[in-house]
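Structural characterization, general
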Amino acid sequence: MTDTTSNQMWGGRFSAGPDAIMEAINASIGFDRRMAAQDIAGSRAHAAMLAATGVITDSDAEAIGKGLLTVLSEIETGTFAFSTALEDIHMNVEARLKEIVGEPAGRLHTGRSRNDQVATDFKLWVRDQLDAAETGLIALIRALLGQAEAGAGWVMPGFTHLQTAQPVTWGHHMMAYVEMFGRDLSRVRDARVRMNESPLGAAALAGTSFPIDREMTATALGFDRPAANSLDAVSDRDFALEFLGVASICAIHLSRFAEELVIWSSAQFRFVTLSDRFSTGSSIMPQKKNPDAAELIRAKVGRIFGANTALMMVMKGLPLAYSKDMQEDKEQVFDAADNWMLALAAMEGMVRDMTANRDSLAAAAGSGFSTATDLADWLVRVLGLPFRDAHHVTGSLVAKAEARGCDLPDLTLADMQSVHPDITAGVFDVLGVENSVNSRMSYGGTAPARVREQIARWRQAL
Ligand code: ARG
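Position labels on residues start from 1 in each chain and follow its written sequence. Owing to the predicted nature of the model, reporting of local features is limited to residues with pLDDT of at least 70; listing and counting of side-chain atom pairs is limited to 80 or more, with chain, interface and lining totals taken over all residues. Hydrogens and waters are ignored; side-chain quantities use all the structure's heavy atoms.

As recorded in an unreviewed UniProt entry, the protein goes by Argininosuccinate lyase and comes from Sedimentitalea xiamensis. UniProt positions are given in the numbering used here, feature names are shortened, and annotations may be inferred rather than shown by experiment. UniProt annotates the protein under Catalytic activity (unreviewed entry) with the comment "2-(N(omega)-L-arginino)succinate = fumarate + L-arginine". What UniProt records for the protein under Sequence similarities (unreviewed entry) is the sentence "Belongs to the lyase 1 family. Argininosuccinate lyase subfamily."

Shown next as structure tokens:
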């Protein structure tokens, strides 16, 4: 809809309203209405401060504060009529406030601008999402700890190049993801500390001549302090970029784990069984149980990293201070945040519900010559061979077993001695996968005792 009259908020010098296309490209109300609660919180803090500093009267501030709560409840109950002609959430709220309280509403915008207003609203919104991400990550870490505890000592194959490498424990594998999501958690917390400065009162770009108290509004909104430079305050979107960066790295971790779950739940692997609650069926193949949640989580990194790239490009090369380009920040962040939270919740549910198949894991752990390194280490430790020679001897034994179609523990002592005469029966002790994992007691190693220490450390930390 095109207004034939000029904009009621800034149209004083205009004799005509905007073209329909102008209105379409300019308006952000279609998406920035999601910041309504933050906008109203910011305005209430600003109005209270204007009264405390004597810029407006107490009775005006009181009318504004009350009226804003009415606006908020209208928005929350869905009775608020959003207007595209009023461009954005800031002007929609203020225009409605004017209808409700009349003249005092016109005093609210004293000593501020939409530039510091939008920066404040958006920061508050992103801050809430960092808090939600913190909660989601802690829940996911707890679910992983539950899996790790249940199978701390269960053996499974460890892979490099997705080829069987050495036996590891299920608990150790789960705890690797605890470390990854733990770093994501610390990045979320760091980002929150760094971003928590208030832009409010930077006004359009230069500050204001009114005797405002920026400490007061900062405190009221839960910020640690006011941002120190007004030009920077209105044009900084680092907090959004950092949010997307943290989200992107976390989404990569989620996608790696999701990929493993897709592989592990296949009939060929059978390492895990996903619950019915987190699987779907096929409309044609009755036997199918598909890991759709894992696949979608794996895909989410695409749009999250896409948002990160998009906002990086929006911000690149922008001169100080505010430019309308920055209005393009919100949809990217909203979409990334929604999908990040959804992916965290879906992963948490899937991990909590899934069953690790101990027998399949154990059977796979012993295949693929997974204890070849243990054999080589034995040759070094017991026979005193240099590691390179031990590696060679072991390689010959692997070739022998492969030719015979058996695993290393299935070779006879005579087979062993045909490759190196000094080998004794004691070698068979290290060829068992249980012995293999139990021996890996170095700090950070896969031995169940080490894994349990790490689980205890994380339980303590949370
Ligand atoms: N809707 C705008 C945005 O999201 C609000 C700030 C507009 N400021 C201005 N000077 N036009 O960035």
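**Let's talk about the site of the ligand**
We call a residue near a given molecule or strand whenever any one of its heavy atoms falls within 4 Å of it. Near the ligand, the surroundings consist of Ser28, Asp32, Asp88, His90, Arg114, Asn115, Val118, Tyr322, Gln327 and Lys330. In the environment of the ligand, an oxygen atom lies 2.4 Å from a nitrogen or oxygen atom belonging to the side chain of Tyr322. Strands are runs of DSSP state E lasting at least 2 residues, helices are runs of H or I lasting at least 4, and numbering of each runs from the N terminus. For the shell around the ligand, the leading source of residues is helix 6 (residues 114–150), giving three residues. Residues that form the shell around the ligand fall into these classes: two nonpolar, four polar and four charged. Under this definition, polar contacts are N or O atom pairs within 3.5 Å; protein pairs additionally need one hydrogen-donor-capable and one acceptor-capable atom, and for neighbouring residues in sequence, both atoms have to be side-chain atoms. Asp, Glu, Lys and Arg are counted as charged, while Ala, Val, Leu, Ile, Met, Phe, Trp, Tyr, Cys and Pro are counted as nonpolar; the rest, among them Gly, fall into the polar class.

**Description of the UniProt feature "domain: Argininosuccinate lyase C-terminal" (unreviewed entry) in the protein**
Per the UniProt record, "domain: Argininosuccinate lyase C-terminal" (unreviewed entry) is found at residues 369–438. Helix and strand shares over residues 369–438 are 67% and 0% respectively, and the end C-alpha atoms of the span are 17 Å apart.

**Observations concerning unusual backbone geometry**
Here the residue pair Leu320 and Ala321 is connected by a cis peptide bond, since its omega of 0° sits within 30 degrees of zero. Tracing the chain through its elements places Ala321 in the loop between helix 11 (292–315) and helix 12 (329–353). Here Leu162, not a glycine, exhibits a phi torsion of approximately 55°, which is positive. The cut-offs for exposure are 20% and 50% of the maximum accessible area for each residue type, with area from a 1.4 Å probe on protein chains only; residues under the lower value are buried, those over the upper are exposed, and the others partly exposed. Take Leu162: its relative accessible area is 52%, and that puts it in the exposed class. A positive phi is found at Phe369, a non-glycine position, where the angle reads about 55°. Mapped onto the fold, Phe369 is located in the loop between helix 13 (358–366) and helix 14 (372–383).

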